[in-house]
Amino acid sequence: MASFGWKRKIGEKVSRATSQQFEAEAADDRDLGDDDDANWVHAAKRRKEILLEDCVRKSKELKDEGANLAENRRYREALVKWDEALQLTPEDATLYEMKSQVLMSLHEMFPAVHAAEMAVQRNPRSWDAWQTLGRAQLGLGEIALAIRSFQVSLHIFPMNPEVWKEDLSWARKLQEQQKATKTESVQALAKGKELAQESIPDYDFESDEIVAVCAAIAEREKALSAAKTMVIVSASGTVETVTEQDNCPATPDETLFIRAR
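None of the values given here were measured: they were computed from a predicted structure.

Moving on, we get to the overall build of the protein. If you tally the helices and strands in the protein, you get eight helices and three strands. Each helix and strand of the protein, ordered N terminal to C terminal, gives the series α-α-α-α-α-α-α-α-β-β-β. Looking at the protein as a whole, 23% of its 261 residues are labelled buried. Restricting to contacts in the protein with at least 6 residues of sequence separation, those with at least 24 account for 41%.

Here you go:
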């Protein structure tokens with residue numbers, strides 16, 4: 001009877017050289033797989049870079065076209081071009097700043113302020129964006145805010161003569177005029193109140209003169225109420241006015257007159 005023994009493992013029949021060759025081929029396959037992954041990532045990054053470059057290039061073309069239109073006072077067409085450029089490069093502060101200038105030329109101050117604020121948010125270090133924001137705020141009558149924007153612009157670019165001599169100087173002049181107007185209005189209002197108070201005389205209703213006048217009026221009213229007037233119409237048509245005193249109550253004969261009051 002044959003004795004029982006353990007089965008040999010499968011790998012024991014494989015030669016050492018064959019095993020080494022198999023491991024080498026597997027390593028090559030892994031390297032090729034890693035290279036393919038790296039190439040795919042690199043290709044995706046490159047496509048993204050190309051797309052961004054195309055967006056920037058197209059946005060610049062639209063920006064230049066809009067600038068040419070704005071110089072020719074074709075403001076609405078310029079806004080359309082810049083809005084298309086903002087779809088490609090929404091973080092371009094210059095586009096918002098240029099858009100704000102054109103909106104001010106169209107006297108659309110609220111959108112102009114909004115566009116300038118967007119420019120400042122995207123590039124807080126842009127002195128011209130702060131200058132444009134100040135001018136838009138000045139167009140809305142927000143003098144204090146405009147002065148602050150001009151001051152920020154000068155803080156970024158202190159040697160800018162345009163902001164210093166024109167924008168900030170003009171804004172401060174308007175602020176002084178505004179203060180003077182408010183002062184005159186307050187003074188006129190106070191003066192009007194004083195005149196209103198002076199126009200009402202302060203009568204002393206307990207003075208002797210007032211008491212005497214009131215007594216005289218009372219006596220006259222008493223005398224008028226004591227005397228009664230009647231209109232007498234006779235049967236023949238004669239009209240006669242008779243004043244009847246309280247102490248003389250007699251009246252004409254009713255057979256001769258028809259009395260009417």
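On to the UniProt feature "repeat: TPR" (unreviewed entry) in the protein, then. When the UniProt feature table is mapped to this numbering, "repeat: TPR" (unreviewed entry) covers residues 59–92 and 127–160. Segment residues 59–92 splits into 79% helix and 0% strand. End C-alpha atoms: 9 Å apart. Taken end to end, residues 127–160 is 79% helix and 0% strand, and its two terminal C-alpha atoms sit 9 Å from one another.

It is possible for side chains bearing opposite charge to pair when their charged atoms get close. Summed over all chains, the structure comprises eleven salt bridges. In this structure, the salt-bridge partner of arginine 76 is glutamate 108, at a minimum N-O distance of 2.5 Å. Remark: glutamate 108 occurs in the loop between α3 (93–105) and α4 (109–122) and arginine 76 occurs in helix α2 (residues 75–88); sequence separation between them is 32 residues. Salt bridges sharing common partners tie together Asp54, Arg57 and Glu61.

Even without being a glycine, arginine 73 presents a positive backbone phi close to 65°. Its place among the elements puts arginine 73 in the loop between α1 (16–71) and α2.

Bringing the confidence of the model for the protein into the picture now. Taken over all residues, the pLDDT of the protein has a mean of 76, while the share at 70 or more is 61%. Mean pLDDT across the elements of the protein bottoms out in strand β3 (residues 257–260) (44) and peaks in α4 (96). Segment residues 1–14: pLDDT under 50, and one contact once partners within four positions in sequence are set aside and those in other chains are kept. Across residues 254–261, confidence stays below pLDDT 50; counting only partners more than four residues off in sequence or on other chains, it has 19 contacts.

With 13 residues, α3 ought to run about 18 Å at 1.5 Å a step, and its terminal C-alpha atoms sit 19 Å apart, in line with that. When you tally the buried positions in α3, you get ten out of 13 residues, the bulk of the element. Ala93, Leu95, Tyr96, Glu97, Met98, Lys99, Ser100, Val102, Leu103 and Met104 are the residues of α3 that are buried. Sitting at the head of α3, aspartate 92 places a side-chain oxygen 3.1 Å from the backbone nitrogen of threonine 94. Where α3 ends, the next residue or the one after it, histidine 107, has phi of about 60°, a positive value.

This paragraph deals with the side chain of glutamate 97. With respect to the helices, strands and loops of the structure, glutamate 97 is situated in helix α3. No salt bridge is formed by the buried glutamate 97; its nearest oppositely charged neighbour, arginine 135, is found at 7.2 Å.

So, on to the nonpolar core. Within the largest apolar cluster, 28 residues are counted, with the highest numbers of intra-cluster contacts made by Ala70, Trp82, Val102 and Leu133. Mapped onto this core, the elements with two or more residues apiece are α1, α2, α3, α4 and α5 (127–139). Looking at this core element by element, the count peaks at eight residues for α4. Each residue touching valine 102, except ones within four places of it in the same chain, is listed here: Ala70, Tyr75, Leu79 and Trp82. Counting nine residues, the second-largest nonpolar core is a separate cluster that includes Ile143, Phe150, Val163 and Ala171.

The subject of this paragraph is the environment of alanine 112. On the secondary structure map, alanine 112 appears in helix α4. Placed 28 residues apart in sequence, alanine 112 and leucine 140 show a C-alpha to C-alpha distance of 9.8 Å. In this structure, alanine 112 is in contact with Ser100, Leu103, Met104 and Ala136, ignoring residues within four places of it in sequence.

Quick look at α5 now. Owing to its 3.6 residues per turn, the α-helix aligns residues three or four sequence positions apart on the same side. An ideal rise of 1.5 Å per residue puts 18 Å on 13 residues; α5 measures up with 19 Å between its terminal C-alpha atoms. Following α5 by one or two positions, glycine 141 has its phi on the positive side, about 85°.

Here valine 56 shows up in helix α1. Spatially, the C-alpha atoms of valine 56 and threonine 89 are 6.6 Å apart, while their sequence positions differ by 33 residues.

Aromatic ring pairs are described here by two measures, namely the spacing of the ring centres and the angle between the planes. Overall, the coordinates contain one aromatic pair when judged by the stated rule. Residues tryptophan 127 and phenylalanine 157 carry aromatic rings whose centres are separated by 5.4 Å and whose planes lie at 55° to one another, so their mutual orientation is tilted. With tryptophan 127 in helix α5 and phenylalanine 157 in the loop between α6 (143–156) and α7 (161–198), this pair connects stretches of sequence that are 30 residues apart. Since its relative accessible area comes to 28%, tryptophan 127 is described here as partly exposed. Accessibility expressed as a relative area gives 33% for phenylalanine 157, which makes it partly exposed.

Thresholds applied
For every chain, the first residue of the written sequence is number 1, and numbering continues from 1 onward in sequence order. Since the coordinates come from a predicted model, pLDDT governs what is reported: local features require at least 70, and pairs of side-chain atoms require 80 or more to be given and counted, while whole-chain, interface and lining totals use all residues. As a convention, hydrogens and water are excluded, and side-chain values are obtained from all of the structure's heavy atoms. Going along the chain from the N terminus, every DSSP run of H or I of four or more residues is numbered as a helix, and every run of E of two or more is numbered as a strand. Burial classes: relative accessible area under 20% of the type maximum marks a residue as buried, over 50% as exposed, and values in between as partly exposed (1.4 Å probe, protein chains only). When checking whether two residues touch, look at their non-hydrogen atoms; a contact exists if any pair is within 4.5 Å. UniProt positions are given in the numbering used here, feature names are shortened, and annotations may be inferred rather than shown by experiment. Every case where a carboxyl oxygen of Asp or Glu lies within 4 Å of a side-chain nitrogen of Lys or Arg is listed as a salt bridge. Confidence of the predictor in every single residue is expressed as pLDDT, which spans 0 to 100. In this scheme, a helix's expected span is set at 1.5 Å multiplied by one less than its residue total. Side-chain atoms alone can form a polar contact between residues adjacent in sequence; in general such a contact is a pair of N or O atoms within 3.5 Å, and within protein one must be able to donate a hydrogen while the other accepts it. Under this rule, positive means Lys or Arg and negative means Asp or Glu; His and the chain ends count for nothing. The criterion is simple. A nonpolar core is a set of buried Ala, Val, Leu, Ile, Met, Phe, Trp, Tyr and Cys residues joined through side-chain atoms within 4.5 Å. Each Phe, Tyr or Trp ring (for Trp, its six-membered ring) is paired with any other whose centre lies within 6.5 Å, and the angle between the two planes then decides the class: stacked below 30 degrees, edge-to-face above 60, tilted in between.

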